[in-house]
Amino acid sequence: DDGGPITGMRATKNALVVFKTRGIYLIKGDPSVGFAAQTLNKDIGCVAPNSIAEIPGLGLAFLSEKSVFLLQGALENTGSITGVVNIGAEIPNQLELLNQSASVRAASALYLRDKEYWLAIPTLGSPDNDLCLIYHYEVGSWSVRKDFPIDCMVASKDHRGYLFMGSHQNTDSENAGILVYSRGFETKGGKQIDSIYETVSNDYQSVFTNFRPAHVLAYAVGYGDNGLNVNTRVNRSIDKVRTTVQTAEQQDPNEVYPVYGSAKFDTDRWIAYRPTVVRYDISTTHKGPVRELSVSFASAVGNKIEIIGYDLEAKVGEQRTIKPLNKALRPSGR
């Protein structure tokens with residue numbers, strides 16, 4: 001048919017699932033009565049065969065032209081509805097970066113130790129996978145990890161369940177060869193992972209109502225002088241509002257306690273970690289009318305962060321009654 005070439009196949013739940021670029025088909029039956037093809041979908045397909053992975057209790061996850069989808073259901077007449085669900089709807093900013101011409105190189109693996117579905121994709125003009133999307137399938141949310149040089153990956157089948165990654169970098173790089181994902185100390189191997197959390201693009205009334213963001217109040221556990229970075233995106237833009245992030249210490253500005261390396265014994269007070277509010281002033285005037293906003297919280301140079309929640313202060317609404325200046329000002333002030 002017109003669904004394009006076959007891009008992947010996977011045997012699951014007493015059926016063979018055949019993916020095309022624009023279509024999903026089921027091959028069912030047995031040698032005694034013959035096999036038959038059943039059309040499941042002719043709008044959504046798979047663009048990367050190595051992106052297909054079966055998530056326990058949910059179904060088959062795969063990368064399409066526009067998003068990450070999940071083929072769920074029993075694929076049998078058991079009363080369980082067979083359908084396709086868009087699980088990538090929460091990360092539109094990241095999936096917009098997908099390099100369509102190199103998307104066939106996307107790779108995936110199921111990391112059972114942390115109950116995660118890993119998907120490495122090429123972005124912008126890169127021919128290699130340079131962005132890793134992690135779907136935490138028990139809670140139904142995503143996280144993003146950058147600069148993992150993954151060309152292919154597989155989880156070991158033994159009790160350890162290590163995740164091995166084949167690098168796409170050449171032999172002159174320190175990241176060439178086969179890498180393993182571990183919970184080692186941040187300096188182990190000379191590399192570290194900086195934590196980052198980014199919210200979805202929220203509209204704070206209507207998608208067509210403008211507002212002016214003023215402050216982001218981050219509710220964090222006070223880790224002293226460890227830096228917490230904050231940046232924003234407006235209207236689902238690929239680029240962030242600030243070219244350089246804002247960094248602030250995770251301390252109460254009204255009661256700053258000494259930090260490790262600077263406190264003196266029997267002079268300074270030592271305290272336990274406690275919740276604190278860190279305020280960031282934000283401005284989006286150079287971005288035009290703001291309808292949607294997302295906020296990202298990240299660690300600075302490997303610092304430890306723990307975000308409990310956040311508040312956004314903004315000016316919302318519109319001026320319905322326009323008053324000419326020649327009426328608002330006195331004759332002497334015109």
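Note that this is a predicted model, so its numbers are computed, not measured.

A. Examining the side chain of asparagine 41 more closely. Along the chain, asparagine 41 turns up in strand β4 (residues 34-41). Given a relative accessible area of 16%, asparagine 41 falls into the buried group. Only 2.8 Å separates the side chain of asparagine 41 from the backbone nitrogen of isoleucine 44, close enough to count as a polar contact. With sequence-adjacent residues up to four places away left out, asparagine 41 is seen in contact with Gly23, Ile24 and Val84.

B. Layout of the nonpolar core. Of all hydrophobic cores here, the largest spans 22 residues; its most connected members are Ile55, Leu63, Val68, Tyr117 and Ile121. Among the secondary structure elements, those contributing two or more residues to this core are β5 (53-55), β6 (59-63), β7 (68-72), β10 (116-121) and β11 (131-136). Within the second largest apolar cluster, 17 residues are counted, among which are Phe211, Tyr280, Val290 and Ile305.

C. Here's a closer look at the packing of aromatic side chains. Using the criterion set out here, one finds 10 aromatic pairs in the structure. For the ring pair tyrosine 111 and tryptophan 118, a centre distance of 6.2 Å and an interplane angle of 75 degrees mean the geometry is edge-to-face. Tryptophan 118 carries the same exposure label as tyrosine 111, and that label is buried. Their ring planes at 50 degrees and their centres at 6.0 Å tell us that tryptophan 118 and phenylalanine 148 sit as a pair that is tilted. Here tryptophan 118, found in strand β10, pairs with phenylalanine 148, found in the loop between β12 (141-146) and β13 (150-155); they are 30 residues apart in sequence, far enough to count as distant. Judged by its relative accessible area of 14%, phenylalanine 148 falls in the buried class. Connected via pairs of aromatic rings, a cluster forms that spans Tyr111, Trp118, Phe148 and Tyr181. Lying over the aromatic face of tyrosine 223, lysine 304 brings its terminal NZ or CZ to 4.8 Å of the ring centre.

D. The pairing of strand β18 (residues 211-221), seen in detail. Counting buried residues in β18 gives 8 out of 11 residues, a clear majority hidden from the surface. Note: β18 against strand β21 (residues 275-281), 7 bridges, orientation antiparallel. Looking across to β21, one finds that alanine 218 is bridged to valine 278.

E. Layout of the sheet that holds strand β3 (residues 23-30). Spatial strand order, β1-β2-β3-β4: 4 strands in an open sheet with antiparallel pairing. Looking at the sheet topology across the chains shown, the edges are occupied by β1 (6-12) and β4. Across the sheet, the axes of successive neighbouring strands diverge by a mean angle of 20 degrees, strand direction being ignored.

F. View of the sheet that holds β7. Taking strand neighbours across the sheet as the criterion, the 4 strands line up as β5-β6-β7-β8 in an open arrangement whose pairing is antiparallel. In this open sheet, the two edge strands, each paired with only one partner strand, are β5 and β8 (83-86). Across the sheet, the mean angle from the axis of one strand to that of its neighbour is 35 degrees, orientation sign disregarded. Relative to β7, β6 runs antiparallel, the two sharing 5 bridges. Bridging from a neighbouring strand, glycine 59 pairs with glutamine 72 of β7.

Rules and cut-offs
Residues numbered from 1 in each chain as written. Predicted model: local features only at pLDDT ≥ 70, side-chain atom pairs only at ≥ 80, totals over all residues. Heavy atoms only, no water. Helix = DSSP H or I, 4+ residues; strand = E, 2+ residues; numbered from the N terminus. Buried < 20%, exposed > 50% of the residue type's maximum accessible area, 1.4 Å probe, protein only. Polar contact = N/O pair within 3.5 Å; in protein donor to acceptor, adjacent residues only side chain to side chain. Contact = heavy atoms within 4.5 Å. Core = buried A, V, L, I, M, F, W, Y, C linked by side-chain atoms within 4.5 Å. Phe/Tyr/Trp six-rings, centres within 6.5 Å; stacked < 30°, edge-to-face > 60°. Lys NZ or Arg CZ within 6 Å of the ring centre and 35° of its normal. Pairing = 2+ DSSP bridges. Axes fitted to C-alpha atoms, helices over the stretch in contact; angles between N-to-C directions.

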